[in-house]
Amino acid sequence: KENINAGLRNLGLGDGDVVFVSSDLMKVGYFNKDRETTMRDWVEILLDVVGVTGTVVVPSYSPAHVRFIQKSDFVFTEDSDSDSGSLATAFLSLKGSIRGAHPTGSCVAIGPLAQAIAGEHGIEDPVYKPYGRIIDHGGKNLMLGTVGTKNCPMAFHYAQQILGHTRTHPLCGLLQTNYRNASGQVERFIVREVGGCTRGVHNCWGYILARNGVVFNRVGRSLSALVDT
């Protein structure tokens, strides 16, 4: 744990930071005696690095299915499971964490800005609204083991939203999920925004490096990055 903590601090993460964490923990390679202990360790590490004045935000996205073709019994609530990985599950189970109400694009957060960033993300809001809030607060994106040709800083998805690309994706209007409204009734949610492809964004690293927008370092067994959003 001490080595992982030191690696994150060497990247530049520290007290008071607002940080969005995208992670591939298998690549980082830190494991304790069992899954539960390992995930508890990761939560403790991240919260320790940003301190009591910092805020950690993790994507807690939910599944959608193709309308008219597939059926699903999944119903989104703020307590429903996420398909965004183990870190999302760990933060969702954490006392004091706050999750948004967006049926497919929610985030879960803990810290002083958790409500403003993740909690104020409703059904009618743009899918990447929490990203914009992080940028507004001068936040960072920790790419924990996710540096590669398929992943990009989360700020690029917010740029796609601002440019209108998320509403012109071919899948817009073809996907749906279910959610439970404030009255307890199950309603249908049609996905009108879909994030675009970012597979070529790694070609921009030189441009970002030249402007001091990113720091790379090894955390555990994998290369990670801390991006100025």
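Refer to the structure printed above.
As the structure is a computational prediction, the values presented were derived from the model and not from experiment.

Calculation notes
- Residues numbered from 1 in each chain as written.
- Predicted model: local features only at pLDDT ≥ 70, side-chain atom pairs only at ≥ 80, totals over all residues.
- Heavy atoms only, no water.
- Core = buried A, V, L, I, M, F, W, Y, C linked by side-chain atoms within 4.5 Å.
- Buried < 20%, exposed > 50% of the residue type's maximum accessible area, 1.4 Å probe, protein only.
- Helix = DSSP H or I, 4+ residues; strand = E, 2+ residues; numbered from the N terminus.
- Contact = heavy atoms within 4.5 Å.
- Pairing = 2+ DSSP bridges.
- Salt bridge = Lys/Arg side-chain N within 4 Å of Asp/Glu carboxyl O.

Student: Hey, could you run me through the nonpolar core in this one?
Tutor: The tendency in soluble globular proteins is for nonpolar side chains to be buried as a group. Core analysis: the largest hydrophobic core is formed by 28 residues, its most contacted members being L8, V21, W42, L87, F91, L142 and L144. For this core, the secondary-structure elements that each account for two or more residues are α1 (2–11), β1 (18–23), α2 (25–28), α3 (35–50), β2 (55–59), α4 (86–92), β6 (107–110) and β7 (140–144). Of the residues forming this core, the biggest block, seven residues, is contributed by α3. If we ignore the near neighbours within four places in the chain, the residues touching F91 are V43, L46, L47, V56, V58, S97, V108 and I110. Grouped together as the second largest cluster of nonpolar side chains are 13 residues, C107, V127, Y128 and I134 included.

Student: When you look at the pairing of β6 in this model, what are you seeing that I'm missing?
Tutor: Where a strand is regular, its side chains alternate between the two sheet faces. The two faces of β6 match: C107 and A109 on one face and V108 and I110 on the other face are all buried. As defined by bridge partners, β2 adjoins β6 across four bridges and the pair is classed as antiparallel. Paired with P59 across the two strands is C107, which belongs to β6. Both strand β5 (residues 98–99) and β6 contribute to a ladder of two bridges, which runs antiparallel. Of the residues in β6, the one forming a bridge with R99 is V108.

Student: I tried to follow the pattern of salt bridges on my own but got confused; where do I start?
Tutor: Side chains that differ in sign of charge can pair as their charged atoms come close. A complete count under the given rule lists eight salt bridges for this structure. When the shortest N-O distance is used, the salt bridge between K1 and E44 registers 2.7 Å. Of the two residues, K1 is situated in the segment before α1 and E44 in helix α3; the sequence distance between them amounts to 43 residues. Salt-bridge contacts for K129 lead to D125; the nearest nitrogen and oxygen are separated by 3.3 Å. Via salt bridges that share partners, K1, D41 and E44 belong to a single interconnected network.

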